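# Secondary and tertiary structure notes
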Amino acid sequence: RPEDVRGPFEQFGHIKDVYLPKDFYTGEPRGFGFVQYMNPEDAARAKHHMDRQVLGGREITVVFAEENRKKPSEMRMKSRVRSVFDHVFPCLSCV
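Since we're looking at a predicted model, the values are computed, not measured. (Residues numbered from 1 in each chain as written. Predicted model: local features only at pLDDT ≥ 70, side-chain atom pairs only at ≥ 80, totals over all residues. Heavy atoms only, no water.)

Here the focus is the pattern of salt bridges. Pairing is possible between side chains that carry opposite charge, provided their charged atoms lie close to one another. With the rule as written, the count across this model stands at 4 salt bridges. D4 serves as the salt-bridge partner of R1, at 3.2 Å between the closest nitrogen and oxygen. Put simply, R1, E3 and D4 are held in one network by salt bridges that share partners. (Salt bridge = Lys/Arg side-chain N within 4 Å of Asp/Glu carboxyl O.)

Our focus in this paragraph is the side chain of D42. Structurally, the position occupied by D42 is in helix α2 (residues 40–50). By relative accessible area, D42 is classed as buried at 12%. Setting aside its immediate chain neighbours within four residues, D42 contacts F12, G13, H14 and Y37. (Helix = DSSP H or I, 4+ residues; strand = E, 2+ residues; numbered from the N terminus. Buried < 20%, exposed > 50% of the residue type's maximum accessible area, 1.4 Å probe, protein only. Contact = heavy atoms within 4.5 Å.)

The element strand β2 (residues 33–37) is largely enclosed, with a buried count of 5 among its 5 residues. A two-sided burial pattern is seen for β2, the buried positions comprising G33, V35 and Y37 on one face and F34 and Q36 on the other. Inspection of the sheet shows strand β1 (residues 15–19) paired to β2 by 4 bridges, in the antiparallel sense. Residue pairing across strands places Y19 opposite F34, the latter belonging to β2. (Pairing = 2+ DSSP bridges.)

In structure tokens, the structure reads:
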């Protein structure tokens with residue numbers, strides 16, 4: 001659940017969004033998530049402290065996401081035009 005991820009990560013700064021993708025067909029969690037911070041320095045600090053920690057009984061690996069979360073309309077498109085905003089708010093990906 002997003003609130004289970006938000007709690008441990010919000011100690012490092014203000015969180016803009018928590019997203020835990022689910023399988024389109026089954027609705028089951030896909031096993032990874034995204035935590036997006038308002039401040040890039042907070043994201044870096046969270047990455048440093050949360051990488052290889054145990055969350056929900058699983059060891060997580062924290063890396064910076066290469067792209068921001070896609071909207072449903074973008075998921076349906078064959079190709080996506082990158083926005084200049086893709087790099088404004090660093091987003092962490094937790095696997």
